[in-house]
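Below are the chains, spelled out letter by letter.
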Amino acid sequence: MNNRLKDLRTEHGWSQADLAEQLGVSRQTVIAIERGKYDPSLPLAFTISRTFGMTIEEIFTPEN
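Described below are features of the structure shown in this document. Every chain's residues receive numbers from 1 upward, in the order its sequence appears when written. This being a predicted model, a pLDDT of at least 70 is required before a residue's local features are given, and a value of 80 or more before pairs of side-chain atoms are given or counted; all residues contribute to the totals for chains, interfaces and linings. Hydrogens and waters are ignored; side-chain quantities use all the structure's heavy atoms.

### Structural notes on the overall build of the protein chain
Going by this rule: By definition, any uninterrupted DSSP run of H or I lasting at least four residues is a helix, any uninterrupted run of E lasting at least two residues is a strand, and each is numbered from the N terminus. A simple rule labels every residue: compare its accessible area, found with a 1.4 Å probe on the protein chains alone, to the largest value its type can have, and call it buried under 20%, exposed over 50%, or partly exposed in between. Note on contacts: a residue pair qualifies if any of its non-hydrogen atoms lie within 4.5 Å across the two residues. Values of accessible area rely on a 1.4 Å probe in the Shrake-Rupley scheme; residue burial ignores everything except the protein chains shown. Under this rule, positive means Lys or Arg and negative means Asp or Glu; His and the chain ends count for nothing. For the purpose of locating charges, the reference atoms are NZ of Lys, CZ of Arg, CG of Asp and CD of Glu.
For the protein chain, the count of helices and strands is 5 helices and 2 strands. Secondary structure elements of the protein chain occur, N-terminal to C-terminal, as β-α-α-α-α-α-β. Summarising its shape, the C-alpha atoms of the protein chain cover approximately 30 × 25 × 20 Å along the three principal directions. The burial tally for the protein chain puts 34% of its 64 residues in the buried class. Nonlocal contacts in the protein chain, meaning residues at least 24 apart in sequence, comprise 52% of its contacts between residues at least 6 apart. When the accessible surface of the protein chain is summed, it comes to about 4,100 Å², and 48% of that surface belongs to carbon and sulfur atoms. Separation between the mean location of the 7 positive side-chain charges and that of the 9 negative ones in the protein chain comes to 6 Å.

In C-alpha coordinates, the structure reads:
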(Lines give C-alpha, C1' and ligand atoms only; values in the text may rest on other atoms or scores of the structure.)
Protein backbone atom coordinates (compact mmCIF):
# COMPACT_ATOMS: atom_id res chain seq x y z
CA MET A 1 0.00 0.00 0.00
CA ASN A 2 1.28 3.46 -0.86
CA ASN A 3 0.93 6.31 1.60
CA ARG A 4 1.59 10.01 2.08
CA LEU A 5 2.57 9.69 5.73
CA LYS A 6 6.13 11.03 5.43
CA ASP A 7 5.00 14.06 3.38
CA LEU A 8 2.17 14.85 5.79
CA ARG A 9 4.42 14.44 8.81
CA THR A 10 7.06 16.80 7.43
CA GLU A 11 4.41 19.33 6.37
CA HIS A 12 3.35 19.47 10.02
CA GLY A 13 6.97 19.79 11.18
CA TRP A 14 6.81 16.59 13.20
CA SER A 15 9.63 14.13 13.70
CA GLN A 16 8.96 10.41 13.44
CA ALA A 17 9.12 10.28 17.24
CA ASP A 18 6.56 13.10 17.53
CA LEU A 19 4.11 11.30 15.27
CA ALA A 20 4.72 7.97 16.99
CA GLU A 21 3.87 9.54 20.35
CA GLN A 22 0.66 11.05 18.99
CA LEU A 23 -0.36 7.70 17.49
CA GLY A 24 0.65 5.62 20.52
CA VAL A 25 3.08 3.47 18.53
CA SER A 26 6.85 3.12 18.34
CA ARG A 27 9.06 5.23 16.11
CA GLN A 28 10.00 2.01 14.31
CA THR A 29 6.34 1.49 13.41
CA VAL A 30 6.15 4.97 11.86
CA ILE A 31 9.36 4.27 9.91
CA ALA A 32 8.00 0.95 8.63
CA ILE A 33 4.70 2.50 7.53
CA GLU A 34 6.45 5.39 5.78
CA ARG A 35 8.71 2.97 3.89
CA GLY A 36 5.76 0.79 2.88
CA LYS A 37 7.11 -2.21 4.77
CA TYR A 38 4.14 -2.36 7.13
CA ASP A 39 0.45 -1.67 6.51
CA PRO A 40 -1.27 -0.28 9.60
CA SER A 41 -4.19 -2.03 11.22
CA LEU A 42 -7.59 -0.50 10.53
CA PRO A 43 -7.78 1.11 14.00
CA LEU A 44 -4.32 2.64 13.50
CA ALA A 45 -5.26 3.85 10.02
CA PHE A 46 -8.29 5.61 11.53
CA THR A 47 -6.07 7.18 14.21
CA ILE A 48 -3.66 8.39 11.52
CA SER A 49 -6.50 9.86 9.48
CA ARG A 50 -7.93 11.68 12.51
CA THR A 51 -4.47 13.02 13.42
CA PHE A 52 -4.14 14.65 10.01
CA GLY A 53 -7.83 15.54 9.59
CA MET A 54 -8.07 13.51 6.39
CA THR A 55 -9.82 10.38 5.21
CA ILE A 56 -7.95 7.08 5.11
CA GLU A 57 -8.26 7.12 1.31
CA GLU A 58 -6.51 10.50 1.15
CA ILE A 59 -3.50 9.07 3.01
CA PHE A 60 -3.35 5.45 1.85
CA THR A 61 -3.78 4.15 -1.69
CA PRO A 62 -3.50 0.60 -3.02
CA GLU A 63 -0.48 -0.32 -5.09
CA ASN A 64 -1.24 -0.80 -8.78
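### What to know about the packing of helix α2 (residues 16-23) against helix α3 (residues 27-34)
This is how it is decided: To obtain an axis, a line is fitted to C-alpha atoms, over the contacting stretch when the element is a helix, and the angle between two such axes runs from 0 to 180 degrees between their N-to-C directions. Between 65 and 115 degrees an angle is taken as roughly perpendicular, under 35 as roughly parallel, over 145 as roughly antiparallel, and anywhere else as oblique. Put simply, Ala, Val, Leu, Ile, Met, Phe, Trp, Tyr, Cys and Pro go in the nonpolar bin, Asp, Glu, Lys and Arg in the charged bin, and everything else, Gly too, in the polar bin.
Contact pair α2 / α3: the axes reach a minimum separation of 8 Å and the direction vectors enclose 105°. Classed by the angle they form, the pair α2 and α3 counts as roughly perpendicular. Counting all contacts with α2, which are made through Q16, A17, L19, A20 and L23, the residues of α3 involved are R27, V30, I31 and E34. Taken together, the residues that form the contact of α2 with α3 break down as 6 nonpolar, 1 polar and 2 charged.

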